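Residue-level structural notes
Spelled out from the first residue to the last, the chains are:
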Amino acid sequence: MTDRHRLAVFMEITQACSRGQLQQGKPRRGPRKRWHSGKESPTLDNRIKTSKYNIFTFLPVNLFEQFQRVANAYFVVLLILQLIPEISSLSWFTTVVPLVLVLVITAVKDATDDYFRHKSDQQVNNRKSQVLIRGSLQKEKWMNVRVGDIIKLENNQFVAADILLLCSSEPYGLCYVETAELDGETNLKVRQALSVTSDLGDVSKLHDFDGEVICEPPNNKLDKFTGTLNWRGNKYSLDNEKILLRGCILRNTEWCFGMVIFAGLQTKLMQNCGKTKFKRTSIDKLMNTLVLWIFAFLICMGVIMAIGNTVWEIWVGRSFEMFLPWAEFQSSAVFSGFLTFWSYIIILNTVVPISLYVSVEVLRLGHSFFINWDVKMYNSQTDTAAVARTTTLNEELGQVEFIFSDKTGTLTENIMVFNKCSINGTTYGDVYDEFGHRVEITEKTACVDFSFNLLSDGSFKFYDNTLVEAVKQKDPAVHEFFRLLALCHTVMPEESEGKLVYQAQSPDEGALVTAARNFGFAFCARTPESVTVCEMGHAVTYQLLAILDFNNTRKRMSVIVRDEEGRIKLYCKGADTIIFDLLDPSSKDLVYTTSEQLNYFAGEGLRTLALAYKELDEEYCDVWMKKFLFLSSVLESREDQLAALYEEIEQGMKLLGATAIEDKLQEGVPETISRLNLADIKIWVLTGDKQETAVNIAYSCNMLRDDTTEVFVVSGHTLMEVQQQLRRAKEHILSLSRVSDTGDDEKNDMYGDDSVFEEAIIAEYALVINGHSLAHALEPPLEVLFLDLACLCKSVICCRVTPMQKAQVVELVRRHKRAVTLAVGDGANDVSMIKTSHIGVGISGQEGMQAVLASDFSFAQFRCLQRLLLVHGRWSYFRMSSFLSYFFYKNFAFTLVHFWYGFFCGFSAQDVNDQNSLRHPSLYKSGQSHLLFNKRQFFLCTLHGITTSFLLFFVPYGAFSVMVKEDGSQLSDQQTLAVTIATSLVIVVSVQIGLDTHYWTGVNHLFVWGSLTMYFVVLFAMQSDGLFGIFPNTFSCVGASRNCLSETSVWLVILLTTAVCIVPDLFIRSIRVNLFPTQTDKLRRLQQSRKKQRPQEQNLRRVRRTSSRRSAYAFSHQQGFGELITSGKNMRANRISSTCSYERTAPSSNFIDNVIKRTNAVSCVSFGSPNKHQSNTE
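Residue positions are counted from 1 within each chain, in the order its sequence is given. Only residues with pLDDT of 70 or above have their local features reported here, since the model is predicted, and side-chain atom pairs are shown and tallied only from 80 upward, although totals for entire chains, interfaces and linings are computed over all residues. Hydrogens and water are ignored here; the side-chain numbers use all heavy atoms of the structure.

**Re the pattern of salt bridges**
Any Lys or Arg side-chain nitrogen located within 4 Å of an Asp or Glu carboxyl oxygen qualifies as a salt bridge. Per the counting criterion, the structure on display carries 24 salt bridges. Between Arg705 and Glu764 there is a salt bridge, with the nearest N and O atoms lying 2.7 Å from each other. Of the two residues, Arg705 sits in the loop between α18 (691-700) and β31 (710-714) while Glu764 sits in the loop between α21 (755-760) and β32 (765-770), which places them 59 residues apart along the sequence. Using a 1.4 Å probe on the protein chains alone, a residue whose accessible area is under 20% of its type maximum counts as buried, one over 50% counts as exposed, and one in between counts as partly exposed. Taking relative accessible area as the criterion, Arg705 reaches 25% and is therefore assigned partly exposed. Helical segments are the DSSP runs of H or I of at least four residues, strand segments are the runs of E of at least two, and each set is numbered from the N terminus.

**Structural notes on the packing of aromatic side chains**
The description of an aromatic ring pair uses the distance of the two centres, along with the angle that the planes make with each other. Two aromatic rings from Phe, Tyr or Trp, using only the six-membered ring of Trp, form a pair when their centres are within 6.5 Å; if the ring planes differ by under 30 degrees the pair is stacked, by over 60 it is edge-to-face, and anything between is tilted. Counted according to the given criterion, the structure contains 29 aromatic pairs. Ring centres 5.3 Å apart and planes at 90° place the aromatic pair Phe450 and Phe519 in the edge-to-face group. With Phe450 in the loop between β20 (438-439) and α10 (465-472) and Phe519 in the loop between α12 (507-518) and β23 (521-527), the pair connects residues that are 69 residues apart, well separated along the chain. Exposure remark for Phe519: the relative accessible area of 1% places this residue in the buried category. When the ring of Phe462 is compared with that of Phe519, the centres are 5.4 Å apart and the planes differ by 85°; the resulting orientation is edge-to-face. Taken together, the positions of Phe462 in the loop between β20 and α10 and Phe519 in the loop between α12 and β23 put the pair 57 residues apart, joining distant regions of the chain.

**What about the UniProt feature "active site" (unreviewed entry) in the protein?**
UniProt positions are given in the numbering used here, feature names are shortened, and annotations may be inferred rather than shown by experiment. Annotation from UniProt places "active site" (unreviewed entry) at Asp406. Within the fold, Asp406 resides in the loop between β16 (400-405) and β17 (412-423). According to the relative accessible area criterion, Asp406 is buried, its value standing at 2%. We define a polar contact as two N or O atoms separated by no more than 3.5 Å, with the added condition that, inside protein, one atom must be a possible hydrogen donor and the other a possible acceptor, whereas residues neighbouring each other in sequence contribute only through side-chain atom pairs. At a separation of 3.4 Å, a polar atom in the side chain of Asp406 contacts the side chain of Lys806.

**What to know about α18**
Counting buried positions over the 10 residues of α18 gives 8, a clear majority of the element. Burial in α18 covers these residues: Thr693, Ala694, Val695, Asn696, Ile697, Ala698, Tyr699 and Ser700. Positive phi appears at Asn702, one or two residues downstream of α18, with a value of about 70°.

**Side note on unusual backbone geometry**
Despite not being glycine, Asp680 has its phi angle at roughly 65°, a positive value. Here Asp680 is to be found in the loop between α17 (669-678) and β30 (682-686). On the basis of relative accessibility, which here comes to 32%, the residue Asp680 falls in the partly exposed class. Backbone geometry places Arg818, a non-glycine residue, at a positive phi of 50°. Relative to the elements of secondary structure, Arg818 occurs in the loop between α24 (803-817) and β34 (820-825).

Right, dumping it as structure tokens:
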């Protein structure tokens, strides 16, 4: 052994048969480990890095990213040209200063964003972990943990790296982990160490441990691991059940030891994170194309000016050589034209102004502040405001076509609530007024008072007092109902800070056991052979004879218990469709009533469960138990034979009732999805949960409805099966959507282009696909078929998907549909798709901050998404489009005046408000279709600018050619014409921006009229006596503006020019708005007519479903916990009687006894004096 403990880890490093091998190394701060081939092994520390830059790469990488903008490269070329005095009439600093300003501002913004990523990385890397070093446990930073280290984890700690579980404080090397950071599931999962290492709980034993591990190379498969442990001459197989992954949290386990297998970027969590990508908006990409076009247009103007100058020099210029001589280097008219070309490239460069990009960045920054300041997106419960974590994607929010959403923690609160129940045909859970009318439950509705029950859970809420009254009246059916809930489960009890706490591997079970606890049947303790329940204040211990475990085929679980009076009973809970087939005929009438009530529960979007029981004969039970014990030890077809035996004893049960659990949706989720659907945004749910769970939530949040034409389920296990299912579903949709009387030729032609039907299909279809099927669907032969089918469906639900599969689905849509995508999630398992999508949204929920740190925008609840897109996104896109259209118009109008002048100088540049944006989501479609700013709109504003520039020059030019001053002198001097055109230009573009402004505020008035005022201030200052005295060569036109603007005729020319430029535009606007109004125009007019009235928010109510479709049992439940409990492997040894048995150390017997004594003291008051029973039957 070395003085610092290190294990050798063998890893596959090539696809060949040979394996790479790491030798056991020296101390970690000594020589590095080497491969057996002699090559240096890679650094296997635990450091993570999510940032993009470091101090050395920031400048080159950031400049490379910025110069992907064509305009930035264009201005560098322009700067070089301005440094040549023979062709430049402008100073170089007029370009270099704004260019440097743009680059610096963008770099500072990018550096700030990356600084926070560095800060987050350091926070994680500097966490402390206990590492076995030199035979003792020492504190080490996470980033210093290496592959092969043995680390100790304690309860509620995050797992620092992917580790092989060696031993734990629990019997048989068991431990419990929560994997919410990985797959979004908060239910506990069991991991178990190898039996040969489970007793290595002592540090000295661990120090002497010299095993070797051969394992798979780093990969992103969260549910698979393959490896072998070589120790003491033996080989032991390793699988996923023996691995604790980074990001998990150790729960319900005092401590455990593990050996690091993968560290840092090689861990499965980081392998699923994906790379941080440089995101650019579609408008940025369009502007790159437009800049190229404008540059080509600029070249054309330069060529025209060069040809014109050459012709002018040959025909006219020679006559002026006396006072306009050529420079020494000018040898010919052609060379003069060549120099003129470059001169006009510089003079007309303002047609692509660098100020455009400065203005765009400022506009985006302002939009980001609007998002951050929106109080309607603020969550007071968590004190969380919406945050725009990037300022470059705001207008992209107004063009989203696809939303990819996680389920757990994003659509739901990840909280199960016992909402309603049916017991012996009577429903409980609804609240009625004195007239017998059902009352909607709100926050103001009074809850049931459970203060009589000292074991009640204070967080549990129920609103129907009649159920409590039925419990107090000792209704046999009600007592048996809650007794079943208290006995039939795999929950483990604990004592925490003097309180009874349940650790449930399924949130459904936790909710049911908590409900039984509050209604007087508190599950208190269990051993492998018994279950203790505090029933109505009295402790009752049941002998646990058998647990008939749950699996996905049975969809139910049962327990067989013997009470203190010797009676044997079987209690069963499961999916109603399964339970009803196992009932005794005597329950026929009750089945009909309960089935109707289950339909009602399902219509409310609740997860339902049927409950039944059966009394067993002693002799029959003994015979059955012998068969059970025998089959439990057989090797072949054990599960099938046990399932048949289970079904045998479960026949002939009596129905007790049903439960209805609410998988609580976040506030406003159904309304948000309804609005987004009306905006023609497609929503796909990508979740790691089971199919039944995801489908049930889809019904609850209105993604799936009872009027959905058909739900296609793709669950094939092979490529051929998946292909057949996808093709069959697609052909079914297309065949029903075609017009029946079309001819064969026409029909074949239509078949060739399926995209035609995406908009034409009226029926609503849904697609549900499992993770193993999705893996095949994403392969190149099937990916287009899968995407075509998915786009034909209204809703798409992908279940049991890995984080990397989420990213692959997003990438598939990005690559083939060329649509703007948005991904929203709240856990580390969503980081990959958040980074892959055009826009990533993180929800700061219960699963940590990884999604938020990787996102572009973040907020507390899913409901904020509708406001982010339909209000801020649409406004940002609308404002940006209006700004760009106006900016290009203004610049063409300004710049081309120089072009027209060249022919005479010898050729010597809001919308509707937020309420209406939410009330009418269809307004959002204009962004998806790129209607407000596109190539056509660019040509229109360019044509408008060219026309305006033509009028701005030729109207004053024509007027001055026939006008004289009041004293009879001519007005045709150059400075008078320049001042008149410039003044007309500023007034025209100011009036134009006023026409484009839909909401006038103080800020609008300040900047519009302030800019006009500032123009005159600067104009008179530049031609003042003072500046001429300081800079006589630069400001030589003294008094030109005063002389010009003091003439009445000049102001008449300015007024005429303004009218000629503006009146045609006003006429066209009037015709368009009145004869061809858009939906926005109609709403704006309606809004103005109701300006004095307060807009009323349209309520998008969730439609109650009346379907008979009901959810199945305990969707997040896992098989195997029943066997774990009866074996006693998950219970610590503790002497509780004269015989040695097993019991959970918490809650302690003293704790239970004290509570029961206190409960017994008040039981005569709490549960006595029965009142008249009242029940409400639905």
